[in-house]
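Residue strings, one per chain:
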2 protein chains.
Amino acid sequence: MMGPTGIIRPNDTLAAGRTLGREFFNTLEKLSATPPGVTRVAYGAGEVAAFKLAAEMAKTFRAEQRFDAAGNQYLILPGQDRSRTLLVGSHLDSVPHGGNFDGAAGVALGLALQASLAATNKAPLFDLATVCLRAEESCWFAHSYVGSRSALGRLDPEALEVKRSDSGKSLGEHMAALGFDPQRVREGGRLLEPEEIVAYIEPHIEQGPALVAAGVPLGLVTGIRGSFRFRHIEVLGEYAHSGATPRALRKDAGLAAARFVVALHEMWDDFAAAREDLTVTFGEIETDREAHGFSKVPGKVHLCLDVRSQSKGTLERAQKQVQEIALRIEAETQCTVLLGERSGSAPAPLSEPLQEVMLDAAQHVGLTTIHLPSGAGHDAATYAQAGIPAAMLFIRNENGSHNPHEAMDMADFDAALALLDAAICDPRIAELPRPPPL
Amino acid sequence: MMGPTGIIRPNDTLAAGRTLGREFFNTLEKLSATPPGVTRVAYGAGEVAAFKLAAEMAKTFRAEQRFDAAGNQYLILPGQDRSRTLLVGSHLDSVPHGGNFDGAAGVALGLALQASLAATNKAPLFDLATVCLRAEESCWFAHSYVGSRSALGRLDPEALEVKRSDSGKSLGEHMAALGFDPQRVREGGRLLEPEEIVAYIEPHIEQGPALVAAGVPLGLVTGIRGSFRFRHIEVLGEYAHSGATPRALRKDAGLAAARFVVALHEMWDDFAAAREDLTVTFGEIETDREAHGFSKVPGKVHLCLDVRSQSKGTLERAQKQVQEIALRIEAETQCTVLLGERSGSAPAPLSEPLQEVMLDAAQHVGLTTIHLPSGAGHDAATYAQAGIPAAMLFIRNENGSHNPHEAMDMADFDAALALLDAAICDPRIAELPRPPPL
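Here's a quick rundown of the structure. This is a predicted model, so every value here is computed, not measured.

As a further point, take the packing of helix H1 (residues 15-32) of chain A against helix H13 (residues 410-424) of chain A. Residues and elements named next belong to chain A. The N-to-C vectors of H1 and H13 enclose an angle of 130°; their axes lie 10 Å apart at closest approach. Of the possible angle classes, the one that applies to H1 and H13 is oblique. Helix-helix and strand crossings are classified by hand; for H1 and H13 the assignment is right-handed. Of H13, the residues touching H1 (which contributes Gly17, Arg18, Gly21, Arg22 and Phe25) are Met410, Phe413, Asp414 and Leu417. Residues belonging to the contact of H1 with H13 are distributed by class as follows: four nonpolar, two polar and three charged.

Here you go:
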């Protein structure tokens with residue numbers, strides 16, 4: 001009998017994993033419910049409970065439990081070759097009042113893979129670790145990827161001094177309070193050396209609508225987009241009477257800002273026409289509430305710009321164009337465009353050979369997938385940047401992430417489990433070329 | 001000896017008026033100072049004090065004092081023909097923490113004209129009344145032109161029920177508290193019938209920068225722009241992850257709003273090329289602070305649109321185009337543009353023959369003037385709409401209005417006095433054609 005996605009066979013070898021996945025999500029949601037949604041504070045109660053739940057479930061198949069200095073948890077099913085470890089997992093913290101699946105789906109799939117192997121008495125090619133990472137969400141310590149960076153000895157030591165947004169205690173203090181070793185984290189200490197890691201595979205719900213739009217349950221992620229951000233752009237003109245100020249004497253900051261927004265989307269058109277990966281977003285556009293008015297030409301507009309691409313070169317070219325366009329708008333409008341401080345992140349291309357293994361695995365189990373970039377950042381970027389073959393598998397999600405409405409059809413979870421089960425059995429996984437660390 | 005503007009002759013016939021003007025502004029500022037700026041609440045202490053000051057100054061030349069039912073004050077210098085009255089004046093209320101000159105300059109010039117005539121024992125052609133109007137600023141009773149509309153029996157009776165923004169008492173209650181007669185105002189009672197009014201001349205500081213830019217002290221106002229306003233436009237799209245949402249799947253309300261702003265300025269280009277009088281202003285542009293974020297495609301933008309013109313036909317054509325452009329933007333962006341409720345006012349063309357009289361007067365006294373529209377509304381619009389020949393004389397002002405920095409060079413005041421003195425002596429003023437009332 002075929003299941004709804006065409007690959008679900010009751011009583012097959014993945015039955016234990018499917019059952020575990022459902023139990024994990026149900027229990028996890030109860031443990032961390034803060035209606036609306038769930039809250040799993042990094043190094044806080046929700047994350048600790050989630051780590052314990054994962055460990056308890058892993059006990060049923062007698063996985064080994066280890067922690068690194070930062071408190072990342074490794075639940076290890078011994079493999080045929082015990083000298084190297086294949087990591088499957090993600091983070092277990094969430095944003096405040098977020099959804100149950102962001103991060104957790106990666107851990108659930110690691111455990112489900114292990115449960116299925118254990119139930120059928122199969123040993124993986126290498127040690128297979130479900131890795132539960134800490135503190136991925138930047139809302140808690142202002143830094144992203146605290147767990148994965150610590151795991152790889154790549155955490156900026158200054159991050160240890162950052163106070164958690166809700167507690168007033170620093171990251172280092174929170175690590176120590178749970179019995180971990182911030183000093184060792186500061187020194188870059190690692191549980192696993194990069195060369196001991198076969199690969200890092202991070203299943204995750206998609207945070208955009210591409211899979212829903214394409215009508216497929218799973219996506220193979222080509223890379224994690226990097227970004228440049230101007231979060232505090234100010235367009236400055238001059239306040240003036242709306243009815244009494246002739247056009248030639250206006251310095252309309254609202255018009256200048258609107259032209260800047262439109263011009264940057266025309267720039268996006270050009271990049272898209274050249275098939276260069278890019279996104280351009282103005283998330284905030286605001287005249288000054290203290291000074292604006294319906295009968296005043298606005299004198300000041302705040303803008304927030306987020307530009308992302310999988311290509312470092314594209315980001316560099318786009319940033320140069322943004323600066324040129326700002327100058328052009330200044331010349332055309334007599335306003336000033338202050339781009340302000342730039343922040344951002346480097347793109348992280350994911351392992352192409354690992355994508356091939358996963359594509360073949362999908363075909364093997366009869367699944368259609370698409371390739372797509374990840375627009376959001378993920379711990380996989382840290383592993384990729386450290387020169388470890390890294391992959392992500394996106395699972396269809398109707399409602400975006402970081403909100404209580406995150407959704408995952410368990411049939412799509414089952415599809416991901418089948419794909420990953422086939423992928424980790426592929427012997428080519430032993431021979432993945434290692435990209436140079438960034 | 002020539003004064004700085006080339007027309008000021010010490011000991012000439014206008015000396016008394018120049019002196020009065022300076023005293024009036026100095027005393028008025030002290031009476032109504034609320035640092036920063038001045039506050040003359042309509043039907044409140046500041047306006048009452050200003051009315052008393054004007055009356056006291058008019059006593060020095062034995063002007064007759066009268067009030068209409070709404071409490072507008074007429075300080076009358078008897079003329080050669082006592083059957084008709086020429087009005088010169090403006091309002092004496094101010095916005096909170098406004099400047100000393102908006103409105104007050106019109107009353108000061110009426111009094112200065114009368115003082116000069118009296119000091120030289122000249123009787124004007126007709127009764128010359130300095131009219132002190134009440135409650136012109138819409139900040140107090142939500143309606144503009146309360147005084148002039150009441151004076152002409154044209155106040156919407158509902159306005160009498162509107163509570164003053166600071167007191168919680170209605171306009172009618174405030175009128176009665178000062179001893180005036182709201183019931184008679186409700187019935188449209190008038191002190192002067194329109195046909196008894198020779199003309200209404202309102203000197204006023206310019207509220208825009210056109211005179212400063214042109215380098216001239218005075219401007220002859222061609223008409224008062226009318227408007228249509230959409231104060232609560234909502235552009236609705238869909239919130240989405242900035243990095244994870246492909247372009248084709250976006251409904252970016254920020255981009256749609258920016259395109260709408262730019263498109264309406266292109267529309268303004270077209271009207272300007274056709275020499276049609278128009279202003280287009282988006283005073284407020286705001287993504288939703290409760291929901292926006294730097295990494296989110298914005299799902300909602302609030303806009304505020306103010307379009308003005310001296311021509312009713314231009315306003316009608318522009319409004320039709322705004323609606324068409326909104327539909328086009330909707331089709332192009334997959335967003336919704338809800339224009340919402342429309343408000344506005346009718347344009348008021350000012351008397352061309354009276355502009356000619358004033359232009360000739362300017363030439364007579366050696367002054368250069370320009371013609372310009374009034375972008376802001378003024379009591380003169382009420383008189384024009386009632387079919388009374390109405391004119392405005394703008395006086396140069398560096399700093400806009402409705403703020404503590406309103407400025408007027410007293411040399412420019414003196415120039416206005418000279419121009420008006422010449423104008424009111426022109427016999428053509430007896431024969432002004434009356435436009436049909438609107």
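All names here are of chain B. With 15 residues, helix H13 (residues 410-424) extends 21 Å between its outermost C-alpha atoms, agreeing within 8% with the 21 Å of an ideal straight helix rising 1.5 Å per residue. Summarising burial for H13: 15 of the 15 residues are buried, a large majority. Capping the start of H13, aspartate 409 holds a side-chain oxygen 2.9 Å from the backbone nitrogen of alanine 411, two or three residues further along.

Turning our eyes to something else, we now look at the environment of A:Ala391. All names here are of chain A. Mapped onto the secondary structure, alanine 391 falls in strand S16 (residues 390-395). A residue is classified by how much of its surface remains accessible, and alanine 391, at 2% relative accessible area, is buried. With 191 residues separating them in the primary sequence, alanine 391 and tyrosine 200 have C-alpha atoms 6.4 Å apart. If near-sequence neighbours (up to four positions away) are discounted, alanine 391 is found in contact with Tyr200, Ile201, Glu202, Leu350, Leu354 and Met358.

Accessible area lost upon the coming together of the parts is a frequently used measure of interface size. The interface of chain A with chain B comprises 50 residues on the first partner and 50 residues on the second. Summed over both partners, the interface of chain A with chain B buries about 4,200 Å², with 60% contributed by carbon and sulfur atoms. It is A:Arg247, A:Ile285 and A:Phe294 in chain A that bury the most area against chain B; as a group they hold 18% of the surface buried on that side. Connecting chain A to chain B are four salt bridges. Run the count over chain A and chain B and you get 22 residue pairs in polar contact (both at pLDDT 80 or more). Elements represented by at least two residues in the side of chain A that touches chain B include exactly helix H8 (210-214), strand S7 (226-236), helix H9 (253-273), strand S9 (279-287), strand S10 (296-297) and strand S11 (300-309) of chain A.

Residue and element names in this part refer to chain B. When strand S7 (residues 226-236) meets strand S11 (residues 300-309), the two strands line up antiparallel, connected through nine bridges. Residue pairing across strands places phenylalanine 230 opposite leucine 305, the latter belonging to S11. In terms of strand pairing, S7 meets strand S13 (residues 342-345) through four bridges, oriented antiparallel. By the bridge assignment for S13, phenylalanine 230 is matched with arginine 342. Relative to strand S12 (residues 336-338), S7 runs antiparallel, the two being bridged by three bridges. Bridge pairing in S12 links valine 235 to valine 337.

Now for unusual backbone geometry. Residue and element names in this part refer to chain A. A cis amide bond, omega -5°, links proline 35 with the succeeding residue proline 36. Within the element layout of this structure, proline 36 appears in the loop between H1 and helix H2 (45-59). With a phi angle near 60°, glutamine 334 is a residue other than glycine that sits in the positive phi range.

All names here are of chain A. Taken N-terminus to C-terminus, the directions of helix H11 (residues 352-364) and H13 make an angle of 120°; their axes are 8 Å apart at the nearest point. Between H11 and H13, the angle is such that the two are oblique. Like other packed secondary-structure pairs, H11 and H13 cross with a definite hand, here right-handed. Note on element contacts: H13 touches H11 through Leu419, Leu420, Ala422 and Ala423, opposite Val357, Met358, Ala361, Ala362 and His364. When grouped by side-chain class, the residues that make up the contact of H11 with H13 number eight nonpolar, one polar and no charged.

Let's shift gears to the packing of aromatic side chains. Under the criterion given, the structure shown has 16 aromatic pairs over all chains. Taking the centre distance of 6.0 Å and the plane angle of 70° together, the rings of A:Phe24 and A:Phe25 count as edge-to-face. Of the aromatic side chains, those joined through ring pairs into one cluster are A:Phe24, A:Phe25, A:Phe101 and A:Phe413. The ring of B:Phe294 has A:Arg231 sitting right over it, with the charged end atom 3.6 Å from the ring centre. A:Arg247 extends its terminal NZ or CZ atom over the ring of B:Trp268, reaching a point 4.6 Å from the ring centre.

Procedures and definitions
- Residues numbered from 1 in each chain as written.
- Chains lettered and ligands numbered in written order.
- Predicted model: local features only at pLDDT ≥ 70, side-chain atom pairs only at ≥ 80, totals over all residues.
- Heavy atoms only, no water.
- Axes fitted to C-alpha atoms, helices over the stretch in contact; angles between N-to-C directions.
- Helix = DSSP H or I, 4+ residues; strand = E, 2+ residues; numbered from the N terminus.
- Parallel < 35°, antiparallel > 145°, perpendicular 65-115°, else oblique.
- Left-handed = near helix turned anticlockwise from the far one by under 90°.
- Contact = heavy atoms within 4.5 Å.
- Nonpolar A, V, L, I, M, F, W, Y, C, P; charged D, E, K, R; others polar.
- Expected span 1.5 Å × (residues − 1).
- Buried < 20%, exposed > 50% of the residue type's maximum accessible area, 1.4 Å probe, protein only.
- Polar contact = N/O pair within 3.5 Å; in protein donor to acceptor, adjacent residues only side chain to side chain.
- Buried area = accessible area lost by both parts, 1.4 Å probe.
- Salt bridge = Lys/Arg side-chain N within 4 Å of Asp/Glu carboxyl O.
- Pairing = 2+ DSSP bridges.
- Phe/Tyr/Trp six-rings, centres within 6.5 Å; stacked < 30°, edge-to-face > 60°.
- Lys NZ or Arg CZ within 6 Å of the ring centre and 35° of its normal.

All quantities given are derived from atomic positions and should not be read as evidence of function.
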